[in-house]
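Chain by chain, the residues:
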Amino acid sequence: MILLEINDVSIDYRTEHGTLRAVDHVSLHVDRGESVGIAGESGCGKTTLGLAVPLLLAQNATVATGSITLDGTSLVGLSEKQMDPLRWTKVAFVFQGAMNALNPVQRIDRQILEAITTHETSIDAGVAHKRVLDLLDSVGIAPARASSYPHEFSGGMRQRVMIAMSLACRPKLLIADEPTTALDVISQAQILSLLNQLRRAEDLSLILISHDLAAIKRVCDRVVVMYAGVVVESGLTAEIFGTSTTAPSAAHPYTQSLIAAHPDLHGQRVLAEGLSGHPPDLSQVIVGCRFADRCPHVMDVCQRVEPTLVTIAPGHVAACHLVDGEAS
Amino acid sequence: MTNTPNVLEVKDLVVHFPGRRGEVVKAVDGVSFNIARGEILALVGESGCGKSTIAMSVMQLVVPTSGTIITGGEDLTALHGKALRQARRRIQMIFQDPFGSLDARQTVYESVVEPLIIHKAGGSADERRNRVLEALDFAHLRPPQRLAAVYPHQLSGGQRQRVAIASAIVLGPELIVADEPVSMLDVSARAGILRLMVDLRDRLGVSYMFITHDLAVAWVVADRIAVVYLGRIVEIGTSEELVAAPAHPYTKALLAVSGGDDRTGEIDPVSGEIIEVLPGETPSAAKVPPGCHFHPRCPRYAELGQPEVCRVDDPVLHLTNKSDVKSQTHEVACHFPEEPI
């Protein structure tokens, strides 16, 4: 059953140099209880797309095409007043670096309590307080530490508090933007395992936005790879990245280079080639494939014709002339 | 001058800071290692483990509490003024943040020529210009003439880090201290910077002290790896040895999460409990546990029934035959290095 459907969405930023299309006709969906990763490097549009769901886009950004439907409600064009009751209760967002957004002079239990009472004005004080302790417990923070100040916690623990807070009003969908980027490897593993546990326990759907494929591989059922504002590949995580027994079957050269970029401790001890160049300037008209200038397999057709997403295997799509038959 | 093949010898380095409540913060607590000419040594550990403080000490940006840092036959900790400035030329640093480490109002040329001006090196203006262009070319900022004239905001993160590398090599250093040089870059730009570092080692013979939290990256880039925990090196060896046959439980935990094959978050079929990679969090350097610094979180200590020696005696680095009976490079600081856990 589909919880979130993003259909043909484009998002434009007005800038002093004209209009820039950060997200260009992107479609994706998240089923109930499913976890979807959006991967790609800075500027690919993944955060912009995520922010569009709870209508948190910057002032100079607009949804130019398409629709976003969450649990049966169409979101694009809703007023702040209409959207407000849906935030926290239907969809919650954990921002990049969120652990630094806690109020430094307020105890953490008060901060979570405030999130609950703001949205559930008639809630009984005792019930709300119990829920705060339950939430903290669910992220592995003991009741004895509930009345601590943020500075008494490490970065990893503050991130747990933010995740607990995001779940305060029992959202159906949690969108987490780079939730582990600033953390140490061991804390990263702990936070990712926490997200997995919460999904199982709370029947939560999750969108994990990250440049870190290892994080997505660990948590997500499916992955959507974005490049320069478009989806270039999507499919089951186990299929695209491979598992301990199967090789990755990523079809797009960009996905392949992202996978190869991080050394695999189980593989060869070699340094990857890496990509040269940069993504294209999105304020300019782009002809052909957006990845063509950096692609190791570039062909004539790539400079002329923009590839569209084609199905390679059930649920696995990629936009590349190597797989769509245009080459021959 | 001695005839040692080492460009850097750090011995018994201790850096203690006074804490706010009168406690002692033991950021670095007795660290020794050497870096040979043309060698890349990675210091791997989590934030707060002391790896950056070790780098700062080698750069003489913090004053060590005790210990010696020998380069070119001189102990940096005993040098002052002009002699220290001279010695510093041999060691250059690359920082984590290429957006913060370059002056936004300086062209690439001005950034890269600055070390030559400060150290009154590089000869005439023309000779300096040639050295700068050569350094830019070495850093693959091509064509150097064109890139010399641009400002940092016109460059990508990867290109900025190449400018930082050009500034580091322009004085012809023996050692470059690189503190997390790729962790703020996009995934696609990282490999290029790492390849450049290795390439400069091969072409110029420069050595690196490469500081990273990423064991997998250290494995492919470095010749040897030192794993740092709470101000101490807990294990050191060649990259192959350390990854193939880790002897310290902390190294094993780092390897498990870096390789993605730990079972963190899964439910233990026997106990029904959720598996944690390591219990708890790294203690503060102001509250270092007695005995082995790692014992409160150590799965081996728990499995062996909490032996007293771990709580009381501080283990020192000693050779282990975990990877190879004849290994003269693989050392571990653990009372029970042969245990399989």
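Residues numbered from 1 in each chain as written. Chains lettered and ligands numbered in written order. Predicted model: local features only at pLDDT ≥ 70, side-chain atom pairs only at ≥ 80, totals over all residues.

Asks: Describe in detail the overall build of chain B, supporting the description with residues and values.
Replies: For chain B, the count of helices and strands is 12 helices and 12 strands. At 22 Å, chain B has a C-alpha radius of gyration in line with the 20 Å of a compact globule built from 341 residues. Principal-axis analysis of the C-alpha atoms places the extent of chain B at approximately 70 × 45 × 45 Å. Every one of the 341 residues in chain B was classed for burial, and the buried ones make up 48%. Expressed as a percentage of contacts within chain B between residues at least 6 apart in sequence, the contacts between residues at least 24 apart total 63%. (Helix = DSSP H or I, 4+ residues; strand = E, 2+ residues; numbered from the N terminus. Rg over C-alpha atoms; globule rule 2.2 N^0.38 Å. Buried ≥ 20, exposed ≤ 12 C-beta atoms within 10 Å, placed from the backbone. Contact = placed C-beta atoms within 7 Å.)

Asks: Now, about the pairing of strand β10 (residues 230-236) of chain A: what can you tell me, with residues and values included?
Replies: Residues and elements named next belong to chain A. In terms of residue burial, β10 counts as a mostly covered element, since 6 of its 7 residues are buried. Here strand β9 (residues 222-227) pairs with β10 via 6 bridges, running antiparallel. Counted as the bridge partner of V224 is S234 from β10. Between the antiparallel neighbours β9 and β10 lie 2 residues, among them A228 with a positive phi of about 50°. As judged from the 2 bridges shared by β10 and strand β12 (residues 316-318), these two strands associate in the antiparallel manner. (Pairing = 2+ DSSP bridges.)

Asks: Describe the sheet that holds strand β5 (residues 73-74) of chain A, naming the residues involved and giving the relevant values.
Replies: All names here are of chain A. Read from one edge to the other, the open sheet built from 4 strands follows the order β2-β1-β4-β5, with strand pairing classed as antiparallel. Strands with a single pairing partner mark the edges of an open sheet, and in this sheet they are β2 (18-31) and β5. Here strand β1 (residues 2-15) pairs with strand β4 (residues 61-70) via 8 bridges, running antiparallel. From the neighbouring strand, Y13 faces β4, where its bridge partner is A61.

Asks: Give me the lowdown on the environment of Q92 of chain B, citing residues and values where you can.
Replies: Residue and element names in this part refer to chain B. Along the chain, Q92 falls in strand β6 (residues 91-94). Counting along the chain gives 193 residues from Q92 to A285, while the straight-line C-alpha distance between them is 27 Å. Discounting chain neighbours no more than four positions away, the residues touching Q92 are A168, L171, P173 and I176.

Asks: For the interface of chain A and chain B, give the residues involved together with the corresponding values.
Replies: Facing the 32 residues of chain A at the interface are 33 residues of chain B. Going through the elements one at a time, α6 (185-202), α7 (213-219) and α9 (253-261) of chain A are the ones with two or more residues in the side of chain A that touches chain B. If one sorts the elements of the side of chain A that touches chain B by residue count, α6 of chain A sits on top with 7 residues. Here the side of chain A that touches chain B is composed, by residue class, of 12 nonpolar, 14 polar and 6 charged. (Nonpolar A, V, L, I, M, F, W, Y, C, P; charged D, E, K, R; others polar.)

Asks: Outline the domain arrangement of chain B, supporting the account with residue identities and numerical values.
Replies: All names here are of chain B. Structurally, chain B comprises domain 1 (6-229) and domain 2 (246-332). Between domain 1 and domain 2, the C-alpha centre-to-centre distance is 30 Å. Among the secondary structure elements, those contributing two or more residues to the side of domain 1 that touches domain 2 are β2 (24-36), α8 (215-221) and β9 (224-229). Residues of the side of domain 1 that touches domain 2, tallied by class, amount to 6 nonpolar, 3 polar and 6 charged. (Domains from an automatic or database assignment.)

Asks: Got a sec to walk through the sheet that holds strand β4 (residues 66-71) of chain B? Specific residues and values, please.
Replies: Residue and element names in this part refer to chain B. Taken in spatial order, the 4 strands of this open sheet run β2-β1-β4-β5, and their pairing is antiparallel. Edge strands, defined here as strands with exactly one partner in the open sheet, are β2 and β5 (74-75). In this structure, strand β1 (residues 6-18) lies alongside β4, joined through 4 bridges in antiparallel fashion. Bridge pairing in β4 places V14 opposite S66. Lying on the sheet, helix α1 (residues 51-58) is in contact with β1, β2 and β4; it crosses β1 at an angle near 115°. (Axes fitted to C-alpha atoms, helices over the stretch in contact; angles between N-to-C directions.)

Asks: I'd like a rundown of the pairing of strand β7 (residues 173-177) of chain A, residues and numbers included.
Replies: Residue and element names in this part refer to chain A. With 5 of 5 residues buried, β7 is to be regarded as a mostly interior element. Of the two faces of β7, the one lined by L173, I175 and D177 and the one lined by L174 and A176 are each fully buried. One ladder, built from 4 bridges, connects strand β6 (residues 91-94) with β7; its direction is parallel. Counted as the bridge partner of V94 is A176 from β7. Strand direction decides the pairing type here: β7 and strand β8 (residues 205-210), joined by 5 bridges, are parallel. If you follow L173 over to β8, its bridge partner there is S205. Once the chain exits β7 it traverses α6 before rejoining the sheet at β8, and the crossover so formed is right-handed. (Right-handed = clockwise from strand over helix to strand, strands pointing away.)

Asks: Explain helix α7 (residues 187-204) of chain B to me, and be specific about the residues and the numbers.
Replies: For α7 of chain B, spanning 18 residues, the distance from its first C-alpha to its last is 26 Å, which sits close to the expected 26 Å at 1.5 Å a residue. Within α7 of chain B the residues assigned to the buried category are V187, S188, A189, R190, A191, G192, I193, L194 and M197 of chain B. Contacts from the buried residues of α7 of chain B go to α9 of chain A together with α6 (157-169), β7 (175-179), β8 (207-212) and α8 of chain B. G205 of chain B, located one to two residues past α7 of chain B, shows a positive phi value of around 75°. (Expected span 1.5 Å × (residues − 1).)

Asks: Which residues make up the domain arrangement of chain A, and what values go with them?
Replies: Residues and elements named next belong to chain A. Each domain of chain A was delimited in the assignment, giving domain 1 (2-220) and domain 2 (236-328). Its C-alpha centre places domain 1 at a distance of 28 Å from the equivalent point of domain 2. Those elements that provide at least two residues to the side of domain 1 that touches domain 2 are β2, β3 (35-39) and α7. Of the residues in the side of domain 1 that touches domain 2, the class split is 8 nonpolar, 5 polar and 2 charged.

Asks: Describe the packing of α9 of chain A against α7 of chain B, with residues and values.
Replies: Contact pair α9 of chain A / α7 of chain B: the axes reach a minimum separation of 9 Å and the direction vectors enclose 55°. It follows from the interaxial angle that α9 of chain A and α7 of chain B lie oblique. In this structure, α9 of chain A crosses over α7 of chain B, and the sense of that crossing is left-handed. Taken together, the residues of α7 of chain B that come into contact with α9 of chain A (itself represented by S257, L258 and A261 of chain A) are V187, S188, R190 and A191 of chain B. Here the contact of α9 of chain A with α7 of chain B is built from residues that sort into 4 nonpolar, 2 polar and 1 charged. (Parallel < 35°, antiparallel > 145°, perpendicular 65-115°, else oblique. Left-handed = near helix turned anticlockwise from the far one by under 90°.)

Asks: Help me get a handle on the environment of I2 of chain A, residues and values and all.
Replies: Residue and element names in this part refer to chain A. Along the chain, I2 turns up in strand β1. In the structure, I2 is positioned 54 residues away from L56 in sequence and 22 Å away in space, judged by C-alpha atoms. Excluding its chain neighbours within four sequence positions, the residues that come into contact with I2 are H29 and D31.

Asks: I'd like a rundown of the nonpolar core, residues and numbers included.
Replies: Residues M209 and F210 of chain B are the most contacted members of the largest nonpolar core, which totals 195 residues. When residues no more than four places from it in sequence are discounted, the contact partners of F210 of chain B are I40, L41, A42, A178, A218, V221 and A222 of chain B. (Core = buried A, V, L, I, M, F, W, Y, C linked by C-beta atoms within 7 Å.)

Asks: An account of the environment of G38 of chain B is needed here, citing residue identities and associated values.
Replies: All names here are of chain B. Position of G38 among the secondary structure elements: in the loop between β2 and β3 (40-44). Separated by 164 residues in sequence, G38 and D202 have C-alpha atoms that sit 7.5 Å apart. Excluding its chain neighbours within four sequence positions, the residues that come into contact with G38 are R201, G205 and S207.

Asks: Can you break down the confidence of the model for chain B residue by residue, with the values?
Replies: Taken residue by residue, chain B gives an average pLDDT of 91. The fraction at 70 or more is 94%. Note on the complex model: pTM 0.89, ipTM 0.83. (pLDDT = per-residue confidence, 0-100.)

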